[in-house]
Amino acid sequence: MKVEIDDQLCSGHGRCSILAPEVYRLDDNGYNADRGQIIDVPAGYEAAAALGMRNCPEAAINAVD
Ligand code: F3S
């Protein structure tokens, strides 16, 4: 599973990292540290990644093929 973090939509809500810290990291300003990039979800953390994705208020996280 891969997810893309939209660099325009991420507004630093931080819910992704609270719900799935193994998948989503925040930078020093509270934004997703991987915005603008596609990241590989570690094996076994797909459900956590999906939970963080669903709970982003800006819909900044999207699954990619
Ligand atoms: Fe950004 Fe959404 Fe996470 S706004 S910090 S990707 S909850």
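Just so you know, these numbers come straight off a predicted model, no measurement behind them.

Here is what the cut-offs are and how they apply
Residues numbered from 1 in each chain as written. Predicted model: local features only at pLDDT ≥ 70, side-chain atom pairs only at ≥ 80, totals over all residues. Heavy atoms only, no water. Core = buried A, V, L, I, M, F, W, Y, C linked by side-chain atoms within 4.5 Å. Buried < 20%, exposed > 50% of the residue type's maximum accessible area, 1.4 Å probe, protein only. Helix = DSSP H or I, 4+ residues; strand = E, 2+ residues; numbered from the N terminus. Contact = heavy atoms within 4.5 Å.

(A) Quick look at the nonpolar core. Among the nonpolar cores identified, the biggest contains 15 residues, and V3, V23, Y24, M53 and I61 are the most heavily contacted of them. Only β1 (2-5) and α2 (46-54) provide two or more residues apiece to this core. The element contributing the most residues to this core is α2, with 3 residues. The residues contacting I61, other than those within four sequence positions of it, are V3, E4, I5, C16, Y24, G52, M53 and C56.

(B) Representation of the side chain of S17 within the structure. Relative to the helices and strands, S17 resides in helix α1 (residues 15-19). With relative accessibility at 16%, the residue S17 sits in the buried group. When neighbours within four sequence positions are excluded, S17 is seen to be in contact with Y24, R25 and L26.

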